[in-house]
Amino acid sequence: MAVGGNELEQLMSKLDALKDKLKEVEYSVKNSIKVMDLKLMSPKLAGIENNNEGACRFLQETEQRMEKTYAKLEQDMKERDVTLQMKLSQLGTNMQTMDSTLQEAMKQGVQNLKSTEAKYLSKFDELENKLISKTNNVEQHRNDLENVATVAAIEYTTQVDDIVHPIYSCRQVTNISGTYLLRSGEDSEPFEVFCEQTKFDGGWTVIQHRYDGSVDFYRNWTEYRNGFGNVDGEFWLGLEYMHQMTKSRSHDLIVEVKDLEGNYGYARYDEFEIGSEAEYYALKKLGAYSGTAGDSMSFSRDTISGT
């Protein structure tokens with residue numbers, strides 16, 4: 001179909017009119033939609049408003065509760081702060097007291113240490129002095145022992161020498177009582193004797209020692225001639241040895257006696273000699289008496305000494 005120019009213009013005019021009508025309808029529809037939306041939203045907006053009021057009241061109540069809680073918390077904090085301040089103050093006081101007490105204790109401890117140190121130093125000095133004194137005493141004792149040992153060694157040497165080399169008289173030996181070998185003459189055999197060096201100025205040859213009954217003195221002629229017993233205990237030296245000694249040089253005689261009650265006495269004669277076996281060992285010489293036991297041997301002069 002062919003369209004002319006007028007028809008086209010009319011068609012375009014109608015098209016424009018339709019466009020305008022469409023716009024109006026569109027506008028009207030939009031307005032209707034807005035109105036409907038408002039109607040639909042109104043109840044919701046009302047609920048929201050109501051909810052907002054409740055929320056406000058809730059917020060106010062919550063705020064009030066929070067204010068009360070905050071006030072209570074603030075009050076508690078203040079009370080705790082006061083309590084804490086008091087405790088801190090008491091702690092400070094206690095620490096000052098403790099510090100003072102500690103300082104006093106340290107001061108007292110230092111004084112005690114000084115006192116103890118002084119006491120121990122004094123004790124140490126005292127012990128040191130005692131040790132020095134003891135050391136000196138030990139040294140002195142050591143010197144004394146050395147001197148005694150030296151003297152004893154000399155005396156022992158002398159005594160051994162006396163034993164090895166027989167003596168002729170107990171007056172030759174040292175001041176130590178003991179057993180020695182004695183020779184009555186140059187050609188005679190040495191025999192064992194006991195020298196008493198502590199009584200009557202020493203130098204005595206013991207011819208008889210009888211004190212506890214351990215040796216039987218009921219003997220025959222031969223035994224009394226040769227002697228019996230042990231010179232370190234009870235013994236009889238022997239008449240033959242007594243004869244050999246007394247014939248070669250002058251001798252004194254001392255007789256010592258003691259009873260069971262301990263009463264002591266002695267008799268001393270300034271001359272003494274025994275005869276030979278051929279003379280039956282007679283008491284040939286008996287000098288003047290002195291002593292406390294009594295002169296009980298005077299009747300025996302020039303008689304036979306036998307068993």
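Coordinates for the structure precede this section.
Residues numbered from 1 in each chain as written. Predicted model: local features only at pLDDT ≥ 70, side-chain atom pairs only at ≥ 80, totals over all residues. Heavy atoms only, no water.

Peer 1: What am I meant to see in a nonpolar patch on the surface here?
Peer 2: A grouping of Leu8, Leu11, Met12, Leu15 and Leu18 is seen on the molecular surface, where their side chains present a nonpolar patch of about 480 Å² in accessible area. Along the chain, Leu11 falls in helix H1 (residues 5-164). The class for Leu11 is exposed, based on a relative accessible area of 52%. (Patch = residues over 30% accessible without salt bridge, like charges linked within 9 Å, V, L, I, M, F, W, Y side chains within 5 Å. Areas by Shrake-Rupley, 256 points an atom, 1.4 Å probe, with all protein chains shown as cover. Salt bridge = Lys/Arg side-chain N within 4 Å of Asp/Glu carboxyl O. Helix = DSSP H or I, 4+ residues; strand = E, 2+ residues; numbered from the N terminus. Buried < 20%, exposed > 50% of the residue type's maximum accessible area, 1.4 Å probe, protein only.)

Peer 1: What's the story with the packing of aromatic side chains in this structure? I'm lost.
Peer 2: Geometry of an aromatic ring pair is reported as the spacing of the ring centres plus the angle between the planes. Summed over the entire model, instances satisfying the criterion amount to 9 aromatic pairs. Judged by centre distance (6.4 Å) and plane angle (75°), the ring pair of Phe200 and Trp204 falls under edge-to-face. Residue Trp204 is classed as buried on the basis of its relative accessible area of 13%. Taken together, the aromatic side chains of Phe217, Tyr224, Phe228 and Trp236 make up a single cluster linked through ring pairs. Note that Arg219 overlies the ring of Phe228, its terminal NZ or CZ placed 4.4 Å from the centroid. (Phe/Tyr/Trp six-rings, centres within 6.5 Å; stacked < 30°, edge-to-face > 60°. Lys NZ or Arg CZ within 6 Å of the ring centre and 35° of its normal.)

Peer 1: Whenever I open this one, the state of the cysteines confuses me. Can you help?
Peer 2: By definition, a disulfide links the sulfur atoms of two cysteines through a covalent bond. Counted by the stated rule, this structure contains 1 disulfide. A sulfur-sulfur distance of 2.0 Å marks the disulfide that ties Cys170 to Cys195. Between Cys170 and Cys195, the disulfide has an S-S torsion of -70° and is therefore left-handed. Here Cys195 lies in strand S2 (residues 191-196) and Cys170 lies in the loop between H1 and strand S1 (178-182), a separation of 25 residues in the sequence. (Disulfide = S-S within 2.5 Å.)

Peer 1: Looking at this structure, how should I read the nonpolar core?
Peer 2: Nonpolar side chains in soluble globular proteins tend to be buried together. With 30 residues, the main nonpolar core has Val193, Cys195, Trp236, Leu237, Met242 and Phe272 as its most contacted residues. Looking at this core, the elements that each hand over two or more residues are S1, S2, strand S6 (235-236), helix H3 (239-248), strand S8 (264-269), strand S9 (272-274) and strand S10 (283-286). With 4 residues, S2 is the largest single contributor of residues to this core. (Core = buried A, V, L, I, M, F, W, Y, C linked by side-chain atoms within 4.5 Å.)

Peer 1: Is there a simple way to explain the pairing of S8 in this structure?
Peer 2: For a regular strand, side-chain orientation follows a simple rule: the groups alternate between the two sheet faces. Residues Gly265, Ala267 and Tyr269 of S8 are buried on one face, while the alternating residues Tyr264, Tyr266 and Arg268, pointing to the opposite face, are not. Across 6 bridges, the pairing between strand S7 (residues 253-258) and S8 is antiparallel. The residue of S8 that forms the bridge with Lys258 is Tyr264. Sheet analysis places S8 next to strand S11 (residues 289-291), joined by 3 bridges and oriented antiparallel. (Pairing = 2+ DSSP bridges.)

Peer 1: Would you take a moment to explain the environment of Tyr266 for this structure?
Peer 2: As for its placement among the helices and strands, Tyr266 is situated in strand S8. Between the alpha carbons of Tyr266 and Ile254 there is a distance of 6.9 Å; along the sequence they are 12 residues apart.

Peer 1: Help me understand the pattern of salt bridges in this model?
Peer 2: Opposite charge on two side chains lets them pair, provided their charged atoms get close. On inspection of all chains with the given rule, the structure shows 8 salt bridges. With a closest N to O distance of 3.4 Å, Glu273 and Lys285 form a salt bridge. With a gap of 12 residues between them, Glu273 in strand S9 and Lys285 in strand S10 connect regions that are remote in the sequence. Using a relative accessible area of 36% as the deciding quantity, one classes Lys285 as partly exposed. Lys284 is paired through a salt bridge with Glu279; the nearest N and O atoms lie 3.4 Å apart. Residue Glu279 is classed as partly exposed on the basis of its relative accessible area, which comes to 34%. What you see here is one network of salt bridges that share partners, running through Glu271, Glu273 and Lys285.

Peer 1: Got a minute to help me understand unusual backbone geometry in this structure?
Peer 2: Apart from glycine, the bulk of residues carry a negative phi angle, and the bulk of peptide bonds sit in the trans form. Positioned with a positive phi, Phe200 is a non-glycine residue whose angle comes to about 50°. Checked against the element boundaries, Phe200 lands in the loop between S2 and strand S3 (204-206). If you check the backbone angles, Tyr280 has positive phi at about 60° while not being a glycine. Residue placement: Tyr280 occurs in the loop between S9 and S10. For Tyr280, a relative accessible area of 49% corresponds to the partly exposed category.

Peer 1: Can you walk me through the sheet that holds S7 in this structure?
Peer 2: Overall, antiparallel pairing links the 3 strands, which are arranged S7-S8-S11 in an open sheet. Two strands lie at the open edges of the sheet, namely S7 and S11, each paired on one side alone. The mean inter-strand angle of the sheet, taken between neighbouring strand axes irrespective of direction, is 20°. (Axes fitted to C-alpha atoms, helices over the stretch in contact; angles between N-to-C directions.)

Peer 1: Help me understand the environment of Arg210 in this model?
Peer 2: With respect to the secondary-structure elements, Arg210 resides in the loop between strand S4 (208-209) and helix H2 (221-226). For Arg210, a relative accessible area of 48% translates into the label partly exposed. Distance in space between the C-alpha atoms of Arg210 and Gly233 is 8.0 Å, their sequence separation being 23 residues. In this structure Arg210 touches Phe217 and Glu234, once residues within four positions along its chain are discounted. (Contact = heavy atoms within 4.5 Å.)

Shape descriptors only; they carry no functional weight alone.
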